[in-house]
Every structure is written in C-alpha cells, then in structure tokens.
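Given next are the chains, with one letter for each unit.
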Amino acid sequence: MIRLDRVSKTYPNQNDDRPALRELSLKIEAGEMISVIGPNGSGKSTLLGLLAGVVAPTSGIVEGKPVCSVVLQRTALDPLLTVRENAELFARVYSVAKADRQARLSEAAEITGLADRLSDRVGSLSGGLARRADLLRALMVGPELLILDEPAAGLDRASHRAIGDVLDAFRERLKIAVVYATHDMADAARADRVIALREGEVVAQNAPSVLIAELGYEAVIERDAGLDPIRCSRADASREASRLIEAGERCSVRQASLEDVYDTLMGATL
Amino acid sequence: MDATMALVGREWLRLWRQPARIVATVGTPMVLLIALGAGFAGSISGLMGVGDERAYAAFLLPGMMAMASLFASIFGAISLIEDRDSGLLLVIMAGPTPSGSVVMAKIIGIGAPAFLQALILLPAVWILGVYPSLTQTILAILATLLLTVAIVSVSLTLAWRVKSTQEFHAIMNTVLMPMWLLSGSFYPASESASAMRWLTAINPLSWPVEALRSSLNGLNSPLLGSWAWPLTGVFALGSVLIAMGTIGLGKRGKLS
C-alpha cells in the first residue's frame, strides 16, 4: 500500500547530525494496524506526516499514495457546523460521489456511535464526542490508510475506551490500514505491529507479543517503593513471590507487557 | 469544482451563524457615514465651496464602502488562522483538492459576502444627491468587486503570516487600518499636503477607492488621473497571486 525506503527528514534550522527521522524503512499493508511509540521528539509526528503526504522527505523514497485520512490530537472540525455538515464538507472536499455519501455517513455514524448526534454542532459536543466526530469525518472520505496522532489523548476513561473500540471496528469491519502514535502502551498493544522510535531511528518493529517475548522474561514482581522489580520466567514468578512474602515484603506479580518493552528500549532517553 | 463550492458554502454558513459579524461590518461604516457626514455637513461643504450639505457624506461614501469590505475581510480572514491552528486546513489539504482551489474558496467564501456588505451602502449615493448613470453604477460595482478581491487577498495573506489571532489584530491596527485611513477616504488627497498626497498615491488601497469615487461622480481621479483603474486591476490581481502563492505553497500547519 505504501512503502518508505531509507527515508530521512531534517527540518530547516535543524542540525544535520540530528534529523527528525533517520533512514527509516517501512512497509504498510492494507488492513494492517500499526502503533508508533516513542518519547516526545522521537519523530512520531514526522513519520505520520510523511505517510499523510504533508511532510516531504529530505532523502529516501516514499512509494504508493493510498487515499489517506488524518486525525490529529486536536479536533479538526468546524465548531460552528453540525457533525453532519462537517462530514459532508469533507466528503465533498475528498470528491466522494454524492450517491455514496449518505450510506457512508450512516455506516460511520453507527461505528462511532453518533447516529443521534449528527445534527449537533461540533462546538457543543464534549471532548470525547468531538473526537468521535473527528473519526466519523475521517471515515467519510473512504480512506485506505487512516493516520491518527494520539487519538485518545486527554480523554476520560470511558471516552478513551470508546475510541479504542472504534479503532477496532475500523480494522475488523472496514479493513482500513490504521497507523497511530500513542503514549499509552495498552493502546499500542492493540496493534498488529509496534514501531518504536528513539531520536528519529527505529529501535524496534514487530508484533507486540514478539516484542514482549524478546524481553527474555515473562513476569515482573513489583516490590515496595525503592526496591527494583524482579523480572523472571512465569515458572519462577510464584516461587520468587512466595519467598519475598515469607521474608515479610509486600509484592505483586504481573505479566510482562509493552510497558516493559518501552522502558527497556527507551531507558536511556527517559 | 464541487470541493471549492463546498468550502465556499462552509464560509457562508459560518457567516450566517455569526450575525454579529454582519451587523458590525455594515453598522460601523453606516454610523461613521452618518456621524461624520452629518457632523461636518456645514463646515466641510462650506470649505468645498458647494451649497449641498450632503456633499461631504457623498465624498465619504466610497471610503465607507471600503471600510465595510475591509471589516468583512478581516473578520473572515481570522477563520484561516483558526483553521490552521485547529488542523482543519491541514486535513483539507491532505486531500485531493489542489491548494489553489482551497485558497480560491477562501477568497470567494469571504469575498462574496464582503462585496455584498460593501454594496449595501451604495444606494446611499442617491440619498446623498449624487445620481450616477447606469454605466457609472456598473463601474462602481466593478470597482467595489476589485476592491474586495484585493482586500480579502491581502487579509488572508497577512492572516497566514501571523502566529495568532492576537497578532493578526495587531497587524490590523498597524497595517490595514492605517492603509484605510491613508486611502483618501476622509479627505480629498489631491488637496492635501505634498507628503500626504504622495503617501495616499502610493497606498494600494487608495487606488480602488479613487476608482470607485471617480465612477460615481463620472470624473477622472484628481489624484491618480486615468491610472486609478489600471492600478486597481494590478492591486486585485497581484493580491490574489500573492495569496495563492503564500498560502498554497506555504507550510500547512503542524500535525501536533
């Protein structure tokens, strides 16, 4: 669908030695869901911009130009217009045939749970509903590739969960390729593949389960504050935890997760 | 074409849902026309050596039409800053619509209502005792159109260059309002001090104001002569090209 081959990006006034992205290669297939993780300034937004075609690479090749829709951290809708008017505006801007618009609006409204809010002005919606309206807008253009920059940032737990469900529906029902940047590792773990960026370079790229398996441990025993956690195999975890409890320590056992992958990969920059 | 019309329609819908913008745009020039025209009726008409006390108000009218167009353009251009900051412009421009069409939609979307809001003041010319012929009226409408196209394009270009609406207000006060004040809207520039005459003559906003005034009274501009019309055309066309180049090829906003 789209392929980046040894793509680098250096912004004007930026030191050539520290580009925003350095020699990144990446291939995205139709229907794939990819999460992009990394600390602030690691190049996540630049990568999304390259995929969306709004950032031009300094070097390297970008092949393929899928119909792309972008959802930003902020709601990119006109607050004076209703949800329906915004959706129709974008459908027309993206040259969606008039005959297809109503069906697409109905489907997008159903997926985003906004069927009864289409006549509400966007400015009157809560943050969570406005974000869902933005996702509805993104669906109206019939994208092959959907790019989201921290889609659930700043939302309460219920809205956060709702956005996650909408993204799952995109993948399962519409087979749209989804690429999203996130700081939430539970969100990142929903993806088929995780791309970890640090200082403009890919430091890991694989399925979440593979990245977790590559850690070399399956369980983490969290101990009282100030004491380092113990990382071990699942088989060793209960024995080790029992030993700590017998010694009078309080502890809890959890499965290794993408959080641990992140801490391991980004440790030096935290 | 449908995309451009959708974006134009959006601008009109926004204006319709902010009626205060329409009231402020037409109301302020109307109040100024009445206050200044009536307030200085006797004194300035006396200085001008004309018996009709409505003469100064008739002189003011083209400048007030320019003001209506200017206000409407400024209010409209603020939407460009909002669109850029919200990311709306970025997601529009990530689509297949050429950036030139997006800019043209802004110019038409903001310009058409601004043109009509300026034109609302035109019938006052008959009330003020000036009776232009049909040709003169058509020329006055054309001058108003070119004036509006130029002002909208300049406003959009300036709005694109600033970082916030606050900065745009500062630009409005330091660039656009002085341009209007120095356009000969209040005073006969050809009779003013030499330096002022030059300032008015090189001010692009004076060109359409002079073209509009000369259309209404059927005489050549005493300041610019027969140059008022060609200069007005250059101002309008140049402003559109600069707006399209600046906004169409400029950075479209940040992803985050």
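This section reports on the structure supplied with the text. Quick caveat: nothing in here was measured; it's all calculated off a predicted structure.

## Some remarks on the overall build of chain B
For step 1, the next point in the chain: Counting secondary structure elements, chain B contains 12 helices and 0 strands.
For step 2, the next point in the chain: Its C-alpha atoms give chain B a radius of gyration of 19 Å, near enough to 18 Å, the size a compact globule of 256 residues would have.
For step 3, the next point in the chain: When each of the 256 residues of chain B is scored for burial, the buried share is 48%.
For step 4, the next point in the chain: A fraction of 77% describes how many contacts in chain B between residues 6 or more apart in sequence connect residues 24 or more apart.

## Re the overall build of chain A
For step 1, the next point in the chain: Assigned secondary structure in chain A consists of 9 helices and 12 strands.
For step 2, the next point in the chain: Principal-axis analysis of the C-alpha atoms gives chain A an extent of 70 × 45 × 30 Å.
For step 3, the next point in the chain: Within chain A, the fraction of its 270 residues that count as buried is 43%.
For step 4, the next point in the chain: If you take every contact in chain A between residues at least 6 apart in sequence, the share linking residues at least 24 apart comes to 70%.

## Some words on the sheet that holds strand β10 (residues 219–223) of chain A
Residues and elements named next belong to chain A.
For step 1, the next point in the chain: Reading across from one edge, β11-β10-β12 is the order of the 3 strands in this open sheet, with antiparallel pairing throughout. Both outer strands of the open sheet, β11 (230–232) and β12 (251–255), are each paired with one neighbouring strand and no more. Taken over all neighbouring pairs, the strand axes of this sheet differ in orientation by 20° on average, direction set aside.
For step 2, the next point in the chain: Relative to β12, β10 is paired through 5 bridges, and the arrangement is antiparallel. Within β12, the position partnered with R223 by the bridge is C251.
For step 3, the next point in the chain: Contacting β10, β11 and β12, helix α8 (residues 234–246) crosses the sheet at an angle of about 15° to β10.

## Focus on the interface of chain B and chain A
For step 1, the next point in the chain: With 21 residues of chain B in contact, the opposing surface of chain A contributes 24 residues.
For step 2, the next point in the chain: Contributing elements (two or more residues each) for the side of chain B that touches chain A: α1 (2–16) and α5 (88–93) of chain B.
For step 3, the next point in the chain: Partitioning the side of chain B that touches chain A into residue classes produces 11 nonpolar, 5 polar and 5 charged.

## Remarks on the sheet that holds strand β1 (residues 2–9) of chain A
Residue and element names in this part refer to chain A.
For step 1, the next point in the chain: With antiparallel pairing, the 3 strands of this open sheet are ordered in space as β2-β1-β4. The outermost strands of the open sheet, each flanked by one partner alone, are β2 (21–28) and β4 (59–63). Across the sheet, the axes of successive neighbouring strands diverge by a mean angle of 10°, strand direction being ignored.
For step 2, the next point in the chain: Two strands pair when backbone bridges link them, and β1 and β4 are joined in this way by 4 bridges, in the antiparallel orientation. In the sheet register, D5 faces β4, and the bridge partner there is I61.
For step 3, the next point in the chain: Across the sheet, helix α1 (residues 44–52) lies against β1, β2 and β4, angled at about 130° from β1, the strand it touches most.

## Notes on the packing of helix α8 (residues 134–161) of chain B against helix α11 (residues 206–217) of chain B
Residues and elements named next belong to chain B.
For step 1, the next point in the chain: Across the interface, α8 lies against α11 with an axial gap of 8 Å and an inter-helix angle of 170°. Between α8 and α11, the angle is such that the two are roughly antiparallel. In contact with Q136, L139, A140, A143, T144, L146, L147 and A150 of α8, α11 contributes P208, A211, L212, S215 and L216.
For step 2, the next point in the chain: When the residues that make up the contact of α8 with α11 are grouped by side-chain class, the tally is 10 nonpolar, 3 polar and no charged.

## With respect to the environment of G64(A)
Residue and element names in this part refer to chain A.
For step 1, the next point in the chain: Looking at the secondary structure, you find G64 in the loop between β4 and β5 (68–71).
For step 2, the next point in the chain: Taking the C-alpha atoms as reference points, G64 and A256, separated by 192 residues in sequence, lie 37 Å from one another.
For step 3, the next point in the chain: The residues touching G64, leaving out its near neighbours within four places in the chain, are M1, I2 and R3.

## Re the nonpolar core
For step 1, the next point in the chain: Membership of the largest hydrophobic core comes to 162 residues, with the highest contact counts inside it found for L136(A), M140(A), I147(A), V178(A), V179(A) and L61(B).
For step 2, the next point in the chain: If you tally residues by element for this core, the top one is helix α4 (residues 55–86) of chain B, at 20 residues.
For step 3, the next point in the chain: Residues within four places of M140(A) in sequence aside, it is in contact with A87(A), F90(A), A91(A), V96(A), R104(A), L105(A) and A108(A).

## Concerning the environment of Q14(A)
For step 1, the next point in the chain: Along the polypeptide, Q14(A) turns up in the loop between β1 and β2.
For step 2, the next point in the chain: Those residues in contact with Q14(A) that lie beyond four places of it in its chain are P19(A) and A20(A).

Criteria and cut-off values
Residues numbered from 1 in each chain as written. Chains lettered and ligands numbered in written order. Predicted model: local features only at pLDDT ≥ 70, side-chain atom pairs only at ≥ 80, totals over all residues. Helix = DSSP H or I, 4+ residues; strand = E, 2+ residues; numbered from the N terminus. Rg over C-alpha atoms; globule rule 2.2 N^0.38 Å. Buried ≥ 20, exposed ≤ 12 C-beta atoms within 10 Å, placed from the backbone. Contact = placed C-beta atoms within 7 Å. Pairing = 2+ DSSP bridges. Axes fitted to C-alpha atoms, helices over the stretch in contact; angles between N-to-C directions. Nonpolar A, V, L, I, M, F, W, Y, C, P; charged D, E, K, R; others polar. Parallel < 35°, antiparallel > 145°, perpendicular 65-115°, else oblique. Core = buried A, V, L, I, M, F, W, Y, C linked by C-beta atoms within 7 Å.

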